[in-house]
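Take a look at the letters that make up each chain.
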Amino acid sequence: MRIVVISDKDNTKRREHIINEFNRIHVDFDFFNAIMANKMDKKELESKALMNTFLSPGEIGCALSHCAIYENFLTSDDKSLLICEDDICFTNDFNMDVVKQIADFIESSDEPRLVVLQKSIYHHKKIKDINETVSIYSARNLFCTYGYILNRAAAKNIKDIQTPVKFEIDAFKFYYWLNACKLYCLNKDLITILGDEVVESTIQDRWVSNRKQLKDNAYKTVYKSLSIKNKIRSNWRRLQKALYKPFENLDY
């Protein structure tokens, strides 16, 4: 399957790291040159995101990069795609046979599906055993986009929601609440992320005192466009998420 790595073309340290990491597991990949929104002028930047955004230029650029990959993906004949960021490491549980079986699960339905290649405190029910050690679980929320597989339906839905950019690209619970994407995680980490002390993060939050309110308002702009049926579904999923919160942990 095709693997795309988002990377700042001018960040030599991170590029060298990710090249070495893929060489270590003998897997091919393609680079996508990250969209550096912090280099856009103010007018262009404002045109890319919802008015009165709470997002930093780095967060906007991250979302634009992922959405640009979705757009390219949707012009291809591929049924699924693995997207990584350039500050990852592969664990001993990672191998392409496992990845291909996860991709088969993603491709086996027309419904929008997305699987992160790591454990999550938001895991819910076991859906499928991949092998003796790796299983797929449903999830009600996820965080981070440093390694995930999605199908065409999920790519289209997320791209539509995030045009213009409304919230962080990894605001997965919003996609789930909006019925745009079914979420899945694993019981094992196939991919982990390097600490900032090794490879400094290039994305910083923009601190604003009403960030949460602005983020909620961004969600509501999409929620208002839903049908009554989908609004009921959205509210039910939000309630389920709230009820399950006390039980969220990494114990499977």
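Residues numbered from 1 in each chain as written. Predicted model: local features only at pLDDT ≥ 70, side-chain atom pairs only at ≥ 80, totals over all residues. Heavy atoms only, no water.

Engineer: Help me out: how do you make sense of the environment of Tyr137 in this one?
Structural biologist: Its location among the elements puts Tyr137 in strand β7 (residues 135-139). Tyr137 sits in the buried class, given a relative accessible area of 11%. As for Tyr137 and Ile127, which are separated by 10 residues in sequence, their C-alpha atoms are 5.2 Å apart. Here Tyr137 is in contact with His123, His124, Lys125, Lys126, Ile127, Leu183, Tyr184, Cys185, Asn187 and Tyr252, once residues within four sequence places are set aside. (Helix = DSSP H or I, 4+ residues; strand = E, 2+ residues; numbered from the N terminus. Buried < 20%, exposed > 50% of the residue type's maximum accessible area, 1.4 Å probe, protein only. Contact = heavy atoms within 4.5 Å.)

Engineer: Just checking my understanding: could you explain the pairing of strand β2 (residues 30-33) for this structure?
Structural biologist: Taken residue by residue, a regular strand's side chains alternate between the two faces of the sheet. Pairing between strand β1 (residues 3-7) and β2: 4 bridges, direction parallel. Bridged to Val4 within β2 is Asp30. In this fold, the crossover linking β1 to β2 by way of helix α1 (residues 12-25) has right-handed handedness. (Pairing = 2+ DSSP bridges. Right-handed = clockwise from strand over helix to strand, strands pointing away.)

Engineer: Explain the pairing of β7 to me, please; I cannot follow it from the model alone.
Structural biologist: With 5 of 5 residues buried, β7 is to be regarded as a mostly interior element. Of the two faces of β7, the one lined by Ser135, Tyr137 and Ala139 and the one lined by Ile136 and Ser138 are each fully buried. Bridge count between strand β6 (residues 123-129) and β7: 4 bridges; the pairing is antiparallel. In the strand pairing of β7, His123 is matched with Ala139. Where β6 hands over to β7, the hairpin turn is made up of 5 residues, counted between the paired strands. When β7 meets strand β9 (residues 182-186), the two strands line up antiparallel, connected through 4 bridges.

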